[in-house]
Amino acid sequence: MSVIPVHHHRLQSLAETGYVTLKRHAGQLDPKEWESLKYLDWKSGGDTNFAVLASAKGDDDPRGFWEHGLPDKGGIWTANARLAPTLVDWVTSVGANFGRVRIIKLQPSVDKREVVERHLHQDDNNRLNPEGEGWVVRVWLNLTDDPGSYMILREQRDDPTVEHRVPLSGGAQFVVDTERLWHAAYHLGPHPRYALIASFESGPALQTWMDEQRSPAVVRQAGPGDRTDDPAVAGTAETL
């Protein structure tokens with residue numbers, strides 16, 4: 001008798017493109033909650049520092065949960081979390097099992113070519129994730145308003161013919177299967193960009209939250225093969 005392999009549960013809403021843009025966060029965001037945190041010199045996707053809100057053991061550790069022999073789930077709040085109650089509430093409001101929760105502080109990019117050639121990457125979210133459980137994806141909440149900056153998403157790293165761009169406006173929320181898509185933020189500056197990034201397990205709870213946060217999204221043509229999604233301008237279209 002053959003054994004049928006068991007796979008991870010995935011969200012059908014991410015099947016087509018690997019990402020979903022949501023409506024902007026409607027709540028108030030206080031810069032003191034992220035500016036007062038302890039940041040570590042940890043590089044990922046550019047000139048970055050990270051403040052850890054939830055880790056594998058509850059300590060100030062930006063490493064992957066697999067370093068502790070654990071999947072990226074069951075995150076434990078750190079001391080930083082006590083200084084950021086609104087951001088903690090945002091994470092818990094999703095209702096899904098979360099793992100790593102961090103604030104990224106990203107310095108302005110040099111140019112797009114450098115971002116694509118040096119920083120475009122895939123994440124390793126599902127190492128040690130037991131088969132049959134939910135696939136781990138990433139959710140972003142952009143904390144600062146960064147006009148002109150955007151998240152680059154590609155199915156194939158070196159294929160720019162189809163490149164999706166998610167604008168990084170204040171309060172932008174989006175979900176990405178970052179183990180599937182190559183991604184990096186192109187940040188124009190002049191000030192650092194701050195964003196909350198959380199790992200969540202795919203399942204009914206995450207899908208329900210996404211459905212509640214959905215709004216009609218417009219796709220703006222950014223050039224040959226490029227797409228820009230901005231739910232804040234639903235019902236309009238323009239050539240960039």
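The structure displayed is predicted, hence computed values, not measured ones.

Engineer: Can you walk me through helix H3 (residues 112-119) in this structure?
Structural biologist: Working note: α-helix, 3.6 residues per turn, so residues spaced by three or four point in the same direction. Turning to H3, its buried residues are Glu-114, Val-115, Val-116 and His-119. At its buried positions, H3 is contacted by strand E6 (150-154) and strand E9 (182-186). You can read the cap of H3 off the contacts: a side-chain oxygen lies 3.3 Å from the backbone nitrogen of Arg-113, and it is on Asp-111.

Engineer: What exactly am I supposed to notice about the layout of surface pockets here?
Structural biologist: A water-sized probe, rolled over the atoms, reveals where empty space remains. Put simply, the largest pocket is a space of about 360 Å³. Around the largest pocket, the lining is made up of 26 residues, and of these Ser-44, Arg-102, His-121, Asp-123 and Arg-138 lie nearest the centre. Elements with a contribution of two residues or more to the lining of the largest pocket: strand E2 (48-55), strand E4 (98-106), strand E5 (136-142), E9 and strand E10 (193-201). No other element matches E4, which puts 4 residues into the lining of the largest pocket. Tallied by class, residues from the lining of the largest pocket come to 11 nonpolar, 7 polar and 8 charged.

Engineer: Can you walk me through the packing of aromatic side chains in this structure?
Structural biologist: The geometry of an aromatic ring pair is captured by the separation of the ring centres together with the interplanar angle, meaning the angle of the planes. A complete count under the given rule lists 6 aromatic pairs for this structure. Here the aromatic rings of Trp-34 and Tyr-194 are separated by 6.5 Å at their centres, their planes lie at 40°, and the arrangement is tilted. Taken together, the residues span a long stretch of sequence, with Trp-34 in helix H1 (residues 32-35) and Tyr-194 in strand E10 at a distance of 160 residues. Assessed through its relative accessible area of 3%, Trp-34 is described here as buried. Given the relative accessible area of 10%, Tyr-194 is considered buried.

Definitions and limits used
- Residues numbered from 1 in each chain as written.
- Predicted model: local features only at pLDDT ≥ 70, side-chain atom pairs only at ≥ 80, totals over all residues.
- Heavy atoms only, no water.
- Buried < 20%, exposed > 50% of the residue type's maximum accessible area, 1.4 Å probe, protein only.
- Helix = DSSP H or I, 4+ residues; strand = E, 2+ residues; numbered from the N terminus.
- Contact = heavy atoms within 4.5 Å.
- Polar contact = N/O pair within 3.5 Å; in protein donor to acceptor, adjacent residues only side chain to side chain.
- 1 Å grid on protein atoms, 1.4 Å probe; cavity = no way out; pocket = protein on both sides within 12 Å on 5 of 7 lines; lining within 4 Å.
- Points joined across faces, edges and corners; volume = space filled by probe spheres on them.
- Nonpolar A, V, L, I, M, F, W, Y, C, P; charged D, E, K, R; others polar.
- Phe/Tyr/Trp six-rings, centres within 6.5 Å; stacked < 30°, edge-to-face > 60°.

Note that every value here comes from positions in space, so none of it alone points to a role or purpose.
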